[in-house]
Amino acid sequence: MTGGVRMLTGPAGEHYRFDPGGFWLELLVTGGPGPHRHHEILHTPDDLAHWLVDSRLAATAPLTRDDLRIKAMELHDIKRFRDSMWAVASGLAHGRPPTPAQLALLNEGAAASPRPRVDVATGARAWHTPVTGVQVLGAAAREAIDLLTSGAAARIRECAAPDCHLVFLDTSRPGNRRWCSMERCGNRRKVHAYRARRQAG
């Protein structure tokens, strides 16, 4: 991952860059409920730890595998939170506010967060370690709450491709991002439109 952009692999094996716009939205690409279940990659606490070192959370301050201590129950709680956030993010993309139960889960998760500190040797931002699964969940929940209580909630989008359901925060200046990635869904749309014009011609 570079600058908050994830490299994903599509059903046909194609690789493309995806910028979710936030850590809590990035968490959604690890799997989810229903049709997202076959994308599941967080089978063990170690899976989550390895995924986190390349996440936006690690981009805020260096984070290594040895810094993380994830328990099985914490992984369960993070996946439960993630599955609920799929519904929250998809709902926001279609103009539906979160339910009271979803907001309660956010508040519950936000009770803890990673504890940043200043490294006295370098002056750079660092973590109080070990970073636990409770703290990871807290970071995602607090970020989601910050977004939901700001005007940015209106910029949650679902990819416009009919066979893609990736959700992202539109951080473009004009606020008109339509695709999860121009390399994948945006390009597929351009190819489809070109072929339609050729046939019509």
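Here the structure is a predicted model, which is why all the values come from computation and not from measurement.

A closer look at the state of the cysteines
Phase 1: Evaluated as defined, the whole model comprises zero disulfides.
Phase 2: Note on C164: no disulfide assigned, nearest cysteine sulfur contributed by C180 at a separation of 3.8 Å.
Phase 3: Taking the relative accessible area as the measure of exposure, C164 reaches 5% and is therefore buried.
Phase 4: C180 takes part in no disulfide bond, and the closest cysteine sulfur to it belongs to C185, at a distance of 3.6 Å.
Phase 5: C180 sits in the buried class, given a relative accessible area of 2%.

Topic: the packing of aromatic side chains
Phase 1: Inspection of every chain in the model, using the stated rule, returns one aromatic pair.
Phase 2: Looking at R177, its charged tip hangs above the ring of F168, at a distance of 3.8 Å from the centre.

Points about helix α6 (residues 133-148)
Phase 1: With 16 residues, α6 should reach 22 Å at 1.5 Å per residue; the first-to-last C-alpha distance of 23 Å fits that figure.
Phase 2: Taken together, the buried positions of α6 are G133, Q135, V136, L137, G138, A139, A140, A141, A144 and L147.

Topic: the side chain of R177
Phase 1: Mapped onto the elements of the fold, R177 is located in the loop between β8 (167-169) and α7 (182-200).
Phase 2: Within the local environment of R177, its side chain forms a polar contact with the backbone oxygen of W179, the two atoms lying 3.0 Å apart.
Phase 3: Once you skip the residues sitting within four places of it in the chain, R177 turns out to touch F18, D19, R157, F168, L169, D170 and S172.

Quick word on the pattern of salt bridges
Phase 1: Here the structure, examined in full by the defined rule, presents ten salt bridges.
Phase 2: A salt bridge links D46 to R65, with the nearest nitrogen and oxygen atoms 2.5 Å apart. Here the residue D46 occupies a position in helix α2 (residues 45-52), and R65 occupies one in the loop between α3 (56-60) and β3 (68-69), the gap between them amounting to 19 residues.
Phase 3: With a relative accessible area of 33%, D46 lands in the partly exposed category.

Things to note about the layout of surface pockets
Phase 1: Within this model, the largest pocket holds a volume of roughly 430 Å³.
Phase 2: Along its surface, the largest pocket is lined by 18 residues, and Y16, H36, H38, H39 and L166 are the ones closest to its centre.
Phase 3: Classifying every residue of the lining of the largest pocket gives nine nonpolar, seven polar and two charged.
Phase 4: F23, R56, L57, T60, S113, P114, P116, R125, W127, A139, R142 and E143 together form the lining of the second largest pocket.
Phase 5: Taken together, the elements giving at least two residues each to the lining of the second largest pocket come down to α3, β5 (125-127) and α6.
Phase 6: In the lining of the second largest pocket, the residues fall into six nonpolar, two polar and four charged.

Points about the environment of K79
Phase 1: Mapped onto the elements, K79 comes out in helix α4 (residues 72-93).
Phase 2: On the basis of relative accessible area, K79 is assigned to the partly exposed category, the value being 22%.
Phase 3: The sequence separation of K79 and G31 amounts to 48 residues, and the corresponding C-alpha distance is 8.4 Å.
Phase 4: For K79, the residues in contact, after removing those within four places along its chain, are E40 and L42.

Digging into helix α5 (residues 100-109)
Phase 1: Of the positions making up α5, those classed as buried are Q102, L105, L106 and G109. Along the long axis of α5, the arc covered by the buried residues comes to 100°, so they all point the same way. In α5, the exposed residues that point more than 90 degrees away from the buried face are P100, A101, N107 and E108.
Phase 2: If you follow the buried residues of α5, they end up packed against α4 and α6.

Reading the values: rules and limits
- Residues numbered from 1 in each chain as written.
- Predicted model: local features only at pLDDT ≥ 70, side-chain atom pairs only at ≥ 80, totals over all residues.
- Heavy atoms only, no water.
- Disulfide = S-S within 2.5 Å.
- Buried < 20%, exposed > 50% of the residue type's maximum accessible area, 1.4 Å probe, protein only.
- Phe/Tyr/Trp six-rings, centres within 6.5 Å; stacked < 30°, edge-to-face > 60°.
- Lys NZ or Arg CZ within 6 Å of the ring centre and 35° of its normal.
- Helix = DSSP H or I, 4+ residues; strand = E, 2+ residues; numbered from the N terminus.
- Expected span 1.5 Å × (residues − 1).
- Polar contact = N/O pair within 3.5 Å; in protein donor to acceptor, adjacent residues only side chain to side chain.
- Contact = heavy atoms within 4.5 Å.
- Salt bridge = Lys/Arg side-chain N within 4 Å of Asp/Glu carboxyl O.
- 1 Å grid on protein atoms, 1.4 Å probe; cavity = no way out; pocket = protein on both sides within 12 Å on 5 of 7 lines; lining within 4 Å.
- Points joined across faces, edges and corners; volume = space filled by probe spheres on them.
- Nonpolar A, V, L, I, M, F, W, Y, C, P; charged D, E, K, R; others polar.
- Arc of directions from axis to C-beta.

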